[in-house]
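Listed here are the chains, written in short residue letters.
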Amino acid sequence: LYRVYRPLVCLLSHATAARVWRTVTTWSPVAAAFNARVHRRLDLFHQNVGLFGVPELSSVGGFEVVQDRALQETQQLVEQACRCPPGVQTVEIFDKLSDSLCRVADMADFIKVAHPDPSYREASERTCINIGTMVERLNTNVDLCKSLKDLLDNEEIFSKLDPETRRVAELFLFDFEISGIHLDKKKRKEAVNLNVKLLDLSNQFLMSCHMPNRIEKRALPEHIHQHFTKDGNYIQIGGLNADAPDDLVREVAYKVFLYPNENVMHILEELLSCRDKLARLVGYESYAHRALKGTMAKSPEIDNFALTNNLRIKPGLNLPLGVIRAERFNIEPSLYSPYFSLGACMEGLNGLFTQLYGVSLLAEQPSVGEVWSEDVRKLAVVHETEGLLGYIYCDFFYRPDKPHQDCHFTIRGGRQLEDGQYQLPIVVLMLNLPHPTQSAPTLLSPGMMENLFHEMGHAMHSMLGRTRYQHVTGTRCVTDFAEVPSILMEYFATDYRVISQFARHYQTGQPLPQSMVARLCESKKVCGAADTQLQVFYAIMDQVYHGKPQNRSTTDIMIDMQKKYYGLPYVTNTAWQLRFSHLVGYGAKYYSYLMSRAVASMVWKQCFYKDPLNRETGERYRREMLAHGGGKEPMLMVEGMLQKRPSIEDFVNALVSDLEPDFETFIMDSEG
């Protein structure tokens, strides 16, 4: 796979690395870029190009400049749209309008959670609020909506538009409808105010989800203090420490981190109340009905609850957790990590994408001021015949100011420009991986490696999409389809034919034994049924929160749902829902992970399982699913790939079949 290696001296001559670890063979350039510590020299001769190459963002004050420019351009485009006769140009103007606002809002939305400088975070947050307020006003602008309706109501003109243009026009109209464009002036204003309030509440809740809880040192046994952050006479606990081998550490982390906070409880309840008011104001039975319109599930009564309820009662999903002992598979993460250096994993992704799509990942040196942290790596994504497809910024290393979950951000969407060029997409992948040490590069646990593949699936969805309109580029599609490409990557991450191409011990160069990969895959099935039940519980609780209002607390609702849909008991004085950040971005749509996993499972088994590195299949997958973003009805994309329209029973069977044990592994394990 990797036939061409550059001399190590090429990397070191640029003074970008203090140490590179490998004693047997030389890393490829992309692997070396991620297996080395970055030490950039102070550059006094080159001008600060600003964050993401936006010159104005070389200083904090630049956010107001780019915001005001976008708002001025918005006003001009609104006037242009209202004057424009019905036709394809109407949709093009609307997309320019969307692009102008999204390019500022999406970047600010990322900076407000990722930048280490509080002044940048505060400035970007103000920008998010101002742009968000403008979007809500536009979504209730009667004259703007009329210009779009004139197009959709003109059957002669509308029928002559290409399918993607028709779909984008309908999606823009849908945005107007769910924002209450049909209401009278007083109620439209009320809808705008509710949306603006929701922006603020959502931001408050997201920030609180990741805030650590404190407890006095004296309340905890001294021998476990080392596992947490010390703050004077207090211990700060900022996560669940689920991987800690010490039972007491996990118990303390769980009870302290999830301890109820009355202020955050109030924020969540107000958030859910505002969502319900907005949904009812614009004519929906509940917020869940509003959120699911246009998705693959369509409505909460039909596919969603059918999927989760079928899974809940499916035979075999409630096996006792002790039926199989995890120790049998010998899956201690420290045994695997030496084979999964960050550079090796990036080399594996590069090789996989080259074989499937003809795409290479090339490390580039960021310009002065282009990135928000010295640890950030920049990748150019290049196709063998199409050339440059876009850029991926990799913010992979732990920092106290970063959110704890792994995420993907679209900074700029792709679209066709008037001059025939294509606006290249820009995305950021954010993970929290350990820094390299003096003696070893960053070593990933199997879970970290899988998360890396998952997030890169999102990135390649953005890179390989080639939609005409920014409004539907890449991951800008319905939520229950957006997770399909990323979850599909998890299947590649656990297939030995893929893993064997890159998993090498960082010191000896020895390949990861196939038996260890087989045990790893089977170990995931040990508690797989419980994990699936947990996802069912999350999905249904999310639906109940966003369904008909109930006169009880979110904690009481959670306790009730946990009794009905999950086998493990509730722990007194915990409020897990206050740490569930997905309630903001995935409100009423958390079921998407289950549905997307079912689709990804079917695509893997039917198309990739026999030969995961087949170029013809990769090209077909790009053509049928990745290329369209949200520009094509999602179930049509699934149908095109699978050559059939899956039923609810197909979804359920796909999820359950993933839990079936591989008896060859048992034989291999016993022989070993």
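Please read all numbers here as calculations on a predicted model, not as lab measurements.

What counts and how
- Residues numbered from 1 in each chain as written.
- Predicted model: local features only at pLDDT ≥ 70, side-chain atom pairs only at ≥ 80, totals over all residues.
- Heavy atoms only, no water.
- Helix = DSSP H or I, 4+ residues; strand = E, 2+ residues; numbered from the N terminus.
- Buried < 20%, exposed > 50% of the residue type's maximum accessible area, 1.4 Å probe, protein only.
- Contact = heavy atoms within 4.5 Å.
- Areas by Shrake-Rupley, 256 points an atom, 1.4 Å probe, with all protein chains shown as cover.
- Salt bridge = Lys/Arg side-chain N within 4 Å of Asp/Glu carboxyl O.
- Axes fitted to C-alpha atoms, helices over the stretch in contact; angles between N-to-C directions.
- Left-handed = near helix turned anticlockwise from the far one by under 90°.
- Nonpolar A, V, L, I, M, F, W, Y, C, P; charged D, E, K, R; others polar.
- Core = buried A, V, L, I, M, F, W, Y, C linked by side-chain atoms within 4.5 Å.
- pLDDT = per-residue confidence, 0-100.
- Phe/Tyr/Trp six-rings, centres within 6.5 Å; stacked < 30°, edge-to-face > 60°.
- Pairing = 2+ DSSP bridges.
- Expected span 1.5 Å × (residues − 1).
- Bend = angle between axes of the 7 residues up to and from the residue.

Quick word on the overall build of the protein
Scanning the protein for helices and strands turns up 28 helices and ten strands. Taken across its 672 residues, the protein has 55% of its residues classed as buried. If you take every contact in the protein between residues at least 6 apart in sequence, the share linking residues at least 24 apart comes to 72%. Surface summary for the protein: the accessible area is close to 30,000 Å², and the carbon and sulfur share equals 52%.

A closer look at the pattern of salt bridges
Going through the model one piece at a time under the given rule, you end up with 28 salt bridges. Note that Asp276 is salt-bridged to Arg280, the shortest N-O span being 3.0 Å. On the criterion of helical spacing, the pair formed by Asp276 and Arg280 is a turn pair, its members being four residues apart in helix 11 (residues 262-281). For Asp276, a relative accessible area of 12% gives the class buried. Two residues, Asp650 and Lys644, come together in a salt bridge whose shortest N-O distance is 3.0 Å.

Section: the packing of helix 4 (residues 88-114) against helix 5 (residues 118-138)
Contact geometry for helix 4 and helix 5: axes closest at 8 Å, N-to-C directions at 145°. At the point where helix 4 passes helix 5, the crossing takes the left-handed sense. Each of Leu97, Leu101, Val104, Ala105, Ala108, Asp109, Ile111 and Lys112 in helix 4 lies in contact with helix 5, whose residues at this interface are Tyr120, Arg121, Ser124, Glu125, Thr127, Cys128, Ile131, Met134, Val135 and Leu138. Looking at side-chain class alone, the contact of helix 4 with helix 5 contains twelve nonpolar, two polar and four charged residues.

Concerning the nonpolar core
Core analysis: the largest hydrophobic core is formed by 145 residues, its most contacted members being Phe340, Met346, Ile392, Phe396 and Met625. With eleven residues, the single largest contributor to this core is helix 24 (residues 592-608). Ignoring sequence-local partners within four residues, the contact set of Phe340 consists of Cys345, Thr442, Leu443, Leu444, Pro446, Met449, Ile499, Phe502, Ala503 and Leu512. The next biggest cluster of nonpolar side chains, apart from the first, holds 55 residues, and it includes Ala81, Leu144, Val371 and Tyr391.

Section: the environment of Leu194
Within the secondary structure, Leu194 is located in helix 9 (residues 185-209). Take Leu194: its relative accessible area is 11%, and that puts it in the buried class. Those residues within four positions of Leu194 in sequence are excluded, and the remaining contacts are Cys274, Lys277, Leu278 and Leu281.

Observations regarding the confidence of the model for the protein
With 89% of its residues at a pLDDT of 70 or more, the protein shows a mean pLDDT of 88. Counted against residues more than four places away or in other chains, residues 1-24, with its pLDDT under 50, gives 55 contacts. Low pLDDT (under 50) marks residues 313-328, which in the prediction has 21 contacts with non-local residues, meaning those over four places away or in another chain.

Considerations on the packing of aromatic side chains
Within the structure shown, the criterion is met by 27 aromatic pairs. For the ring pair Phe52 and Tyr393, a centre distance of 5.1 Å and an interplane angle of 85° mean the geometry is edge-to-face. Of the two residues, Phe52 sits in the loop between helix 2 (29-34) and helix 3 (62-83) while Tyr393 sits in strand 6 (residues 387-397), which places them 341 residues apart along the sequence. Neither Phe52 nor Tyr393 differs from the other in exposure class; each is buried. Relative to Phe580, the ring of Tyr538 lies with its centre 5.4 Å away and its plane at 40°, an arrangement referred to as tilted.

Digging into the sheet that holds strand 5 (residues 377-383)
The strand order across the open sheet built from five strands is 4-5-6-10-7, with neighbouring strands paired in mixed fashion. Pairing within the sheet leaves two strands with one partner each, and these edge strands are strand 4 (359-364) and strand 7 (407-412). On average, adjacent strands in this sheet sit at an angle of 25° to one another, irrespective of strand direction. Judged from the seven bridges that link them, strand 5 and strand 6 form a sheet pairing that is antiparallel. Residue Leu379 lies in a different strand from strand 6, and its bridge partner there is Ile392. Sheet contacts for helix 16 (residues 446-464): strand 4, strand 5, strand 6, strand 7 and strand 10 (426-433); angle to strand 10, the most-contacted strand, approximately 175°.

Considering the sheet that holds strand 1 (residues 213-216)
The three strands lie next to each other as 1-3-2, forming an open sheet whose pairing is antiparallel. Of all the strands in the sheet, the pair left with one neighbour each is strand 1 and strand 2 (229-231). Recorded for the sheet is a direction-independent mean angle of 35° between the axes of neighbouring strands. Examined bridge by bridge, strand 1 and strand 3 (residues 234-237) share four bridges and lie antiparallel to one another. Across the sheet, the residue bridging to Arg214 is Gln236, located in strand 3.

So, the pairing of strand 10
The element strand 10 is extensively covered by neighbouring structure, given that eight of its eight residues are classed as buried. Residues Ile426, Val428, Met430 and Asn432 line one face of strand 10 and the alternating positions Val427, Leu429, Leu431 and Leu433 line the opposite face, and both faces are buried. In terms of strand pairing, strand 6 meets strand 10 through six bridges, oriented parallel. When the bridges of strand 10 are listed, Ile392 appears paired with Val427. Across five bridges, strand 7 lies against strand 10 in antiparallel orientation. For Phe409, the partnering residue across the bridge sits in strand 10 and is Val428.

Some words on the environment of Arg121
Along the chain, the position of Arg121 falls in helix 5. The spacing of Arg121 and Val60 is 61 residues in sequence and 9.1 Å in space, taken between C-alpha atoms.

A few points about unusual backbone geometry
Located in the positive-phi region is Asn241, a residue other than glycine, with phi close to 50°. A residue is classified by how much of its surface remains accessible, and Asn241, at 26% relative accessible area, is partly exposed. One non-glycine residue, Gln643, lies in positive phi territory at about 65°. Locating Gln643 in the fold gives a position in the loop between helix 26 (634-642) and helix 27 (648-657). Accessibility expressed as a relative area gives 61% for Gln643, which makes it exposed.

A word on the side chain of Thr494
Positionally, Thr494 belongs in the loop between helix 18 (484-492) and helix 19 (496-499). The contact partners of Thr494, leaving out residues within four places of it in the chain, are Glu450, Ile499, Val517, Cys521 and Lys524.

Some points on the environment of Leu613
Among the secondary structure elements, Leu613 is positioned in the loop between helix 24 and helix 25 (615-626). Residues Leu613 and Arg497 lie 116 residues apart in sequence; the distance between their C-alpha atoms is 8.3 Å. In contact with Leu613, other than residues within four places in its own chain, are Leu352, Gln355, Leu356, Arg497, Val498 and Gln501.

As for helix 4
Helix length check: helix 4, at 27 residues, gives a terminal C-alpha distance of 38 Å against a target of 39 Å (1.5 Å per residue), a fit within 8%. Roughly 30° is the biggest bend found in helix 4, and it falls at Cys102.

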